[in-house]
Amino acid sequence: MPQTTTMTVRLPAQVKARLEKLAKSTDRSKAYLASQAIEEYLNVQEWQVKAIQDAIREADSPSPVFYEHEKVQTKLKKLTAKRRGTE
């Protein structure tokens, strides 16, 4: 089991009530659910920050590749239509 530590967090009363209700209905502790939620949040935020940093590095590189906004929109609309079967 990984090493753990304790942290105190202030929550709006309504959020605490929702957490308590979810903990009871899933037979999990509030601490477990809060820990899982924080870990998932960190995963998303860290991924997003890394992607932004990578994009900045690429844009600042000696030979960056840029695409016109309209061409990207057109391509995405075609891909979306194709996946929906409306093309």
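Below you will find a few notes about this structure. Sequence order sets the numbering: in each chain, residues are counted from 1 along the sequence as written. It should be noted that, the model being predicted, local features are given only for residues of pLDDT at least 70 and side-chain atom pairs only at 80 or more, the latter also being counted only at that level, while totals for whole chains, interfaces and linings use all residues. To get the side-chain values, all heavy atoms of the structure are used, and hydrogens and water are removed first.

## Some details on the pattern of salt bridges
Line of reasoning, step 1. Salt bridges are defined as contacts in which a side-chain nitrogen from Lys or Arg sits within 4 Å of a carboxyl oxygen from Asp or Glu. In total, this model carries 4 salt bridges according to the counting rule given.
Line of reasoning, step 2. Here E20 and K30 are joined by a salt bridge, their closest N and O atoms 3.6 Å apart. Of this pair, E20 sits in helix α1 (residues 13-26) while K30 sits in helix α2 (residues 30-59); the two residues are 10 residues apart in sequence, bridging distant segments of the chain.
Line of reasoning, step 3. Exposure categories follow from relative accessible area, calculated using a 1.4 Å probe and restricted to protein chains: below 20% of the type maximum is buried, above 50% is exposed, and the middle band is partly exposed. The partly exposed category is assigned to E20, whose relative accessible area is 34%.
Line of reasoning, step 4. Judged by its relative accessible area of 36%, K30 falls in the partly exposed class.
Line of reasoning, step 5. R57 serves as the salt-bridge partner of D54, at 2.5 Å between the closest nitrogen and oxygen. Linking D54 with R57, this pair stays in helix α2, spanning 3 residues, or about one helical turn.
Line of reasoning, step 6. Taken together, the shared-partner salt bridges connect K16, E20 and K30 into one network. Every helix listed is a DSSP run of H or I at least four residues long, and every strand listed is a run of E at least two residues long, numbered separately from the N terminus.

## Considerations on a nonpolar patch on the surface
Line of reasoning, step 1. Residues enter patches when they are more than 30% accessible in relative terms and free of salt bridges; like-charged ones are connected within 9 Å and nonpolar ones (Val, Leu, Ile, Met, Phe, Trp, Tyr) within 5 Å. Accessible surface area values rest on a Shrake-Rupley calculation with a 1.4 Å probe, where residue burial reflects the displayed protein chains alone. A cluster of nonpolar side chains, contributed by M7, V9, L11, V15, I38, Y41 and L42, occupies part of the molecular surface with about 670 Å² of accessible area.
Line of reasoning, step 2. The element that contributes the greatest number of residues to the nonpolar patch is α2, accounting for 3 residues.
Line of reasoning, step 3. Counting through the fold element by element, L11 comes out in the segment before α1.

## Digging into the layout of surface pockets
Line of reasoning, step 1. The computed volume of the largest pocket comes to approximately 960 Å³.
Line of reasoning, step 2. Along the wall of the largest pocket there are 23 residues; nearest its centre are K30, A31, A34, S35 and I38.
Line of reasoning, step 3. Put simply, the parts of the chain that give the lining of the largest pocket at least two residues each are α1 and α2.
Line of reasoning, step 4. Broken down by element, the residue count for the lining of the largest pocket peaks at 9 residues, all from α2.
Line of reasoning, step 5. Residues that form the lining of the largest pocket fall into these classes: 14 nonpolar, 5 polar and 4 charged. The way it works is a 1 Å grid over only the protein atoms, where trapped points that fit a 1.4 Å probe form a cavity and open points with protein on both sides within 12 Å along at least five of seven lines form a pocket, and then any residue with an atom within 4 Å of a point lines it. Grid points are joined across faces, edges and corners, and a volume is the space filled by probe spheres set on the points. Amino acids outside the nonpolar list (Ala, Val, Leu, Ile, Met, Phe, Trp, Tyr, Cys, Pro) and the charged list (Asp, Glu, Lys, Arg) are all regarded as polar, and Gly is one of them.

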